[in-house]
Amino acid sequence: MKLMILDGNSIINRAFYGIRMLNAPDGTPTNAVYGFLSTFRRVFDLAQPQAVCVAFDVHAPTFRHEQYALYKAQRKPMPEELAVQMPLLKQTLDYMGVRRLELAGWEADDLIGTISRKCEADGWDCVVVTGDKDSLQLITDRTKVKLVSTRMGQTTTKDMTPETFREQYGFDPIHMIDLKALMGDTSDNIPGVPGVGEKTAMDLIQKYGSVDAIYEKLPDIDAKPAAIKKLTAGEDAARHSYWLATIVTDAPLSFDPAENRVQEPTPAAYPLFLKLEFSKLIEKMGLRPEETAPADAAPDVFVYRDAGIVPVQGKKHGKGNEGAKWSSVWSICSQRSAPPLRCAACTRRQAAASTTWDGSRNTACIRRTAAFCRRSRSSPLPIWTAVCWRSSRT
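Calculation notes
Starting from 1, residues in each chain are numbered consecutively following that chain's sequence as written. For this predicted model, a pLDDT threshold of at least 70 governs which residues receive local features, and a threshold of 80 or more governs which side-chain atom pairs are given and counted, while totals over whole chains, interfaces and linings are taken from all residues. Values reported for side chains reflect all heavy atoms of the structure, with hydrogen atoms and water molecules removed beforehand. Here a helix means four or more residues in a row that DSSP labels H or I, a strand means two or more in a row labelled E, and each is numbered from the N terminus. Note on classification: 1.4 Å probe, protein chains only; a residue is buried when its accessible area is under 20% of the maximum for its type, exposed when over 50%, partly exposed between these limits. Salt bridges are defined as contacts in which a side-chain nitrogen from Lys or Arg sits within 4 Å of a carboxyl oxygen from Asp or Glu. Any two strands between which DSSP finds at least two bridges are classified as paired. Lines fitted to C-alpha atoms define the axes, with helix axes restricted to the stretch in contact, and inter-axis angles between N-to-C directions lie between 0 and 180 degrees. An angle counts as roughly parallel when it lies under 35 degrees, as roughly antiparallel when it exceeds 145, as roughly perpendicular when it falls between 65 and 115, and as oblique in every other case. The crossing is said to be left-handed when, going from far helix to near helix, the turn is anticlockwise and less than a right angle, and right-handed when the turn is clockwise. By definition, residues are in contact when any of their heavy atoms lie within 4.5 Å. For this scheme, ten residues count as nonpolar: Ala, Val, Leu, Ile, Met, Phe, Trp, Tyr, Cys and Pro. Four count as charged, namely Asp, Glu, Lys and Arg, and the remainder, Gly too, count as polar. Here the expected span of a helix is defined as 1.5 Å times the quantity of residues minus one.

What follows is about unusual backbone geometry. The peptide bond linking Leu-218 to Pro-219 adopts the cis configuration, its omega dihedral lying at 0°. Relative to the helices and strands, Pro-219 resides in the loop between α10 (211–217) and α11 (225–233). One non-glycine residue, Asn-189, lies in positive phi territory at about 60°. For Glu-277, which is not glycine, the phi torsion reads 60° and is therefore positive. Structurally, Glu-277 is set in the loop between α13 (269–275) and α14 (279–285). For Glu-277, a relative accessible area of 28% corresponds to the partly exposed category.

Put into structure tokens, the structure is as follows:
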């Protein structure tokens, strides 16, 4: 059995800065939520877990802040355009049936570390999805890290296992803590040993394995005199940085992997995705509106070909002839049917079963339909099908 846990703050931050700004019809920014969900879908399909959850930071001081006031003190406040998307993402996850985890006084990393070890104790494999290298220290034979990177709208992932980690770093994953203890981490404001950079720190950990081993052998280590002097003077900083960089794996969190099994999205997911205009995600996730028509109601089907559509006056959703065609389909459907209206995309793509929209949003419905047919314009005469569900046939 396998559980996948996502670092919520890490993934949404990278989505926000890696994807161009998107907005819902009411002006709400949505690029970070859209990017998060796209990444979620991608890594879910790759990992094929039986259980899934997402961990978030709590906007409050943690035990690290209480011991070190400068911890992450240099970070700028979250941009307003991202802050307004956080509750939206959490609402979306709730509607998708994905459990969210937060714990006051603890970071998401600590929850992830604790959950990974609980999974191992219960005989489960764990996949950690994050954009931060902090979690690399958690890698074991049963815990794997998927490093996520988003740039120019493109998301890539890299699987980090004990083997791939050793190949890249030259030591075991747990000693990522020792590396940070020496070189520090500017993103978290972990000081490290003053004057010791990444190259020196990597060389020392590859040779001696840990901070403890280095200080046991000082000053008789294979390093430049200047580095030995800095290490000697900076032992307290190294020890303190080690503590700051260590992810807790026994946080007071009640967690059973089996209670986080993958669930079907709730009925509320479809209208929310529709409102946010996440048409591609509606298709990829197979979301459907609740069926409101009687089971024995037969649909009236109206089929139009490009050459047979007569443009009508009214609001157009597109440019030139294409806009007229979309407007025509919308106009005819809205006049001939009672809600809910159900429009299918180009039949060449056989998308009718997966591209349905609430009749109260028929303008958005046609806009989505047009997007599908526009991608199928290799057909000289694409067929537009509007299926109007009615309580009775006339």
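Now for the pattern of salt bridges. Tallied over the entire structure, the rule returns 21 salt bridges. A salt bridge links Lys-72 to Glu-107; its shortest N-O distance comes to 2.6 Å. Here Lys-72 is found in the loop between α3 (63–67) and α4 (80–83), whereas its partner Glu-107 is found in the loop between β3 (99–101) and α6 (108–121), with 35 residues between them in sequence. As far as burial versus exposure is concerned, Lys-72 and Glu-107 are alike and both buried. The salt bridge involving Lys-180 is made with Asp-134; its shortest N-O contact spans 2.3 Å. You can see Lys-180 sitting in helix α8 (residues 176–183) and its partner Asp-134 sitting in the loop between β4 (125–130) and β5 (143–151), a full 46 residues away along the chain. You'll find Lys-180 and Asp-134 in the same group, each marked buried. When salt bridges with common partners are traced through the structure, they connect Arg-64, Lys-72, Arg-75, Glu-107, Asp-110 and Asp-188 into a single cluster.

A few words now on the pairing of β5. Within a regular strand, the side chains alternate between the two sheet faces. Bridge count between β4 and β5: five bridges; the pairing is parallel. Opposite Thr-130, over in β5, you have Leu-147 as the bridge partner. Relative to strand β6 (residues 154–160), β5 runs antiparallel, the two being bridged by seven bridges. Bridged to Arg-151 within β6 is Gln-154.

What follows is about the packing of α8 against helix α12 (residues 235–245). Where α8 contacts α12, the axes come no closer than 8 Å and their chain directions differ by 135°. As far as their axial angle goes, α12 and α8 are oblique. The hand of the α8/α12 crossing is right-handed. Within the contact between the two elements, α8 uses Ile-177, Asp-178, Lys-180, Ala-181 and Leu-182 and α12 uses Ala-238, Ser-241, Tyr-242 and Ala-245. Classifying every residue of the contact of α8 with α12 gives six nonpolar, one polar and two charged.

Its location among the elements puts Phe-255 in the loop between α12 and α13. In this structure, the C-alpha to C-alpha distance between Phe-255 and Cys-119, residues 136 residues apart in sequence, is 9.0 Å. Ignoring anything within four residues of it in the chain, the contact list for Phe-255 reads Leu-3, Cys-53, Arg-99, Leu-101, Ile-115, Lys-118, Cys-119 and Asn-260.

This part is about α6. An ideal rise of 1.5 Å per residue puts 20 Å on 14 residues; α6 measures up with 20 Å between its terminal C-alpha atoms. Counting buried residues in α6 gives ten out of 14 residues, a clear majority hidden from the surface. All buried positions along α6 are accounted for by Ala-108, Asp-109, Asp-110, Leu-111, Ile-112, Gly-113, Thr-114, Ile-115, Ser-116 and Cys-119. Buried residues along α6 sit in contact with β1 (2–7), β2 (51–55), α3, β3, β4 and β5. Within two residues after α6, Gly-123 carries a phi angle of roughly 85°, on the positive side.

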